[in-house]
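Working through the structure, step by step
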Amino acid sequence: MNIAVIGATGVVGKQCLQLLDAGALPGVERVIPVASGRSAGRDLTAEYGLDLKVEPVVALADFDPAAADLAGLDLAIFSAGAPISLELGPKVAAAGALVVDNSSAFRMEDDVPLVVPQVNPHTMATRPARGIASVPNCSTIQLVRALHPLRALGNLERLVVASYQAASGGGLRGLEELASTSREVLDGGEPAETPSRFGRTLAFNLVPEIGLRDDAGISHEEHKLRREPRKILDLPALRVAATAVRVPVVNGHSEAVHITFDRPVTAADALDALRAAPGVRAYGEDEGYPRPRQVCSSVESSSLVHVGRIRADLDDPCSLLLWVVADNLMVGAALTAVEIARLATESTWM
Ligand SMILES: NC(=O)c1ccc[n+]([C@@H]2O[C@H](COP(=O)([O-])OP(=O)(O)OC[C@H]3O[C@@H](n4cnc5c(N)ncnc54)[C@H](OP(=O)(O)O)[C@@H]3O)[C@@H](O)[C@H]2O)c1
């Protein structure tokens, strides 16, 4: 496999390289990291402490998928933002590589599969028409991975979700901003409400707006939580109401989820269904509950979707409440991207 990682110096790109280093994809021969001109020539093998030999970082402006030395490129994992995916993704796909895109650029396009390998792996049974597969939004992935096993209990009719999203969702710049503004507050200062990665200063605070709001007052992130599960679960009529909140947690997104089914359900049956689901760790009432710092504390834990506080809605026998936590950089991006690529390598078409 010859692989390009676009956005290799970012928080998601780094996780992708670490997963490749750990052997997540078979037969990796060549890894080409791509980033901005600022990062050209960086030695990520040394910086990230990898055993896998990664080439020096190539500046995006010098990365030409039609060039002869890239003729054998099999796979490109994009984690550099939607504008770069929109511009370069189709060119890389046209040159013959499979594009697995972590950005929002193509997610809702009809001819691009929106893939969660634990939920809709059949969408990768044939080569995607445009050679592009999209990785859903981080908050969507953990949500649908918790919902999918529960479909055995009844048809999903309505979701009400509040997300508590970590600063690493804002990339390296978001992490740096949370650290510097937190330090300023601890030193007795008050950070100025200057243009921020999170819209408003996040340190010791909550920001109930992720992405721009539309005329109806719905934020970009809330629209993703509404539209993407419908496509992945193939439930176009699923009713979803979301509130997306940025919280001063370094890593790990959490979600409070209220689910209404078309029939009565019990918390005990939900716990059994979630316990039987691969890639999910379900917590009974006597087993505590997941918290983002603990969830993100090891590779094993970061690879799972954690579901706790599974309980009945005492006022509606058809509804349940859950608390869902996952590592947004792993489950929410890099691991899912690599798992999508692995689905492709295991198929007959790649
Ligand atoms: N963070 C998350 O939790 C998460 C989850 C799911 C999906 N995603 C998606 O993954 C993508 C990357 O997010 P991130 O959080 O990893 O961001 P990040 O830490 O800010 O990293 C961005 C990466 O893109 C590169 N880049 C930025 N502008 C560039 C340009 N003009 N030309 C070439 N390279 C450029 C950066 O290179 P330099 O270092 O050289 O600037 C860096 O490698 C985004 O599309 C994001 O929506 C992120």
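Quick caveat, the model's predicted, so the values are computed rather than measured. (Residues numbered from 1 in each chain as written. Predicted model: local features only at pLDDT ≥ 70, side-chain atom pairs only at ≥ 80, totals over all residues. Heavy atoms only, no water.)

Within this numbering scheme, the UniProt entry marks residues 2-127 as carrying the feature "domain: Semialdehyde dehydrogenase NAD-binding" (unreviewed entry). Secondary structure across residues 2-127 divides into 22% helix and 17% strand, with the first and last C-alpha atoms of the span separated by 18 Å. (UniProt positions renumbered as here; feature names shortened; annotations may be inferred. Helix = DSSP H or I, 4+ residues; strand = E, 2+ residues; numbered from the N terminus.)

Once that is clear, we can look at helix α1 (residues 11-21). Burial analysis of α1 places eight of its eleven residues in the buried class, which makes it a mostly covered element. Within α1, the full set of buried residues consists of Val11, Val12, Gly13, Gln15, Cys16, Leu17, Leu19 and Leu20. Gly23 lies just past α1 and shows a positive phi near 85 degrees. (Buried < 20%, exposed > 50% of the residue type's maximum accessible area, 1.4 Å probe, protein only.)

Here the focus is the UniProt feature "active site" (unreviewed entry) in the chain. Per the UniProt record, "active site" (unreviewed entry) is found at Cys138 and His253. Annotated residues spanning 116 residues; largest pairwise C-alpha distance 8.2 Å, indicating a single compact cluster. Inspection of the secondary structure assignment puts Cys138 in helix α4 (residues 138-147). When near neighbours in sequence (up to four residues on either side) are disregarded, Cys138 contacts His253, Asn328 and Gly332. By the element assignment, His253 lies in strand β9 (residues 253-261). Aside from chain neighbours lying at most four places away, what touches His253 is Cys138, Ser139, Gln142, Tyr164, Gln165, Ala166, Gly169, Arg246, Val324, Val325, Ala326 and Asn328. (Contact = heavy atoms within 4.5 Å.)

Moving on: the site of the ligand. Among the 26 residues in the neighbourhood of the ligand, the closest are listed as Thr9, Ser36, Arg38, Ser39 and Asn328. Between the ligand and Ser39, the relevant distance is 2.5 Å, taken from an oxygen atom to a side-chain nitrogen or oxygen of the residue. Burial of the ligand by the protein amounts to 77% of the accessible area it has alone, namely 890 Å². For the shell around the ligand, the secondary-structure elements that each account for two or more residues are α1, α5 (171-186) and α10 (330-346). Looking at the shell around the ligand residue by residue, the class counts come to eleven nonpolar, 14 polar and one charged. Two domains share the shell around the ligand, each providing at least three of its residues, namely domain 1 (2-135 + 333-346) and domain 2 (140-327). (Near = heavy atom within 4 Å. Polar contact = N/O pair within 3.5 Å; in protein donor to acceptor, adjacent residues only side chain to side chain. Areas by Shrake-Rupley, 256 points an atom, 1.4 Å probe, with all protein chains shown as cover. Nonpolar A, V, L, I, M, F, W, Y, C, P; charged D, E, K, R; others polar. Domains from an automatic or database assignment.)

Before going further, it helps to spend a moment on the sheet that holds strand β11 (residues 305-313). By way of backbone hydrogen bonds, the strands of a sheet pair with one another, either parallel or antiparallel. Within the open sheet, the six strands sit side by side as β8-β7-β9-β12-β11-β10. Their pairing is mixed. Taken across any chain shown, the strands that pair with only one partner, and hence form the sheet edges, are β8 (239-246) and β10 (280-282). Going from strand to strand, the sheet's axes swing by 20 degrees on average, the running direction of each strand aside. Pairing of β9 with strand β12 (residues 316-326), which is carried by eight bridges, proceeds in the antiparallel orientation. Residue Ala256 lies in a different strand from β12, and its bridge partner there is Trp323. Lying over the sheet, helix α6 (residues 220-232) contacts β7 (156-165), β8 and β9, oriented at roughly 140 degrees with respect to β8. (Pairing = 2+ DSSP bridges. Axes fitted to C-alpha atoms, helices over the stretch in contact; angles between N-to-C directions.)

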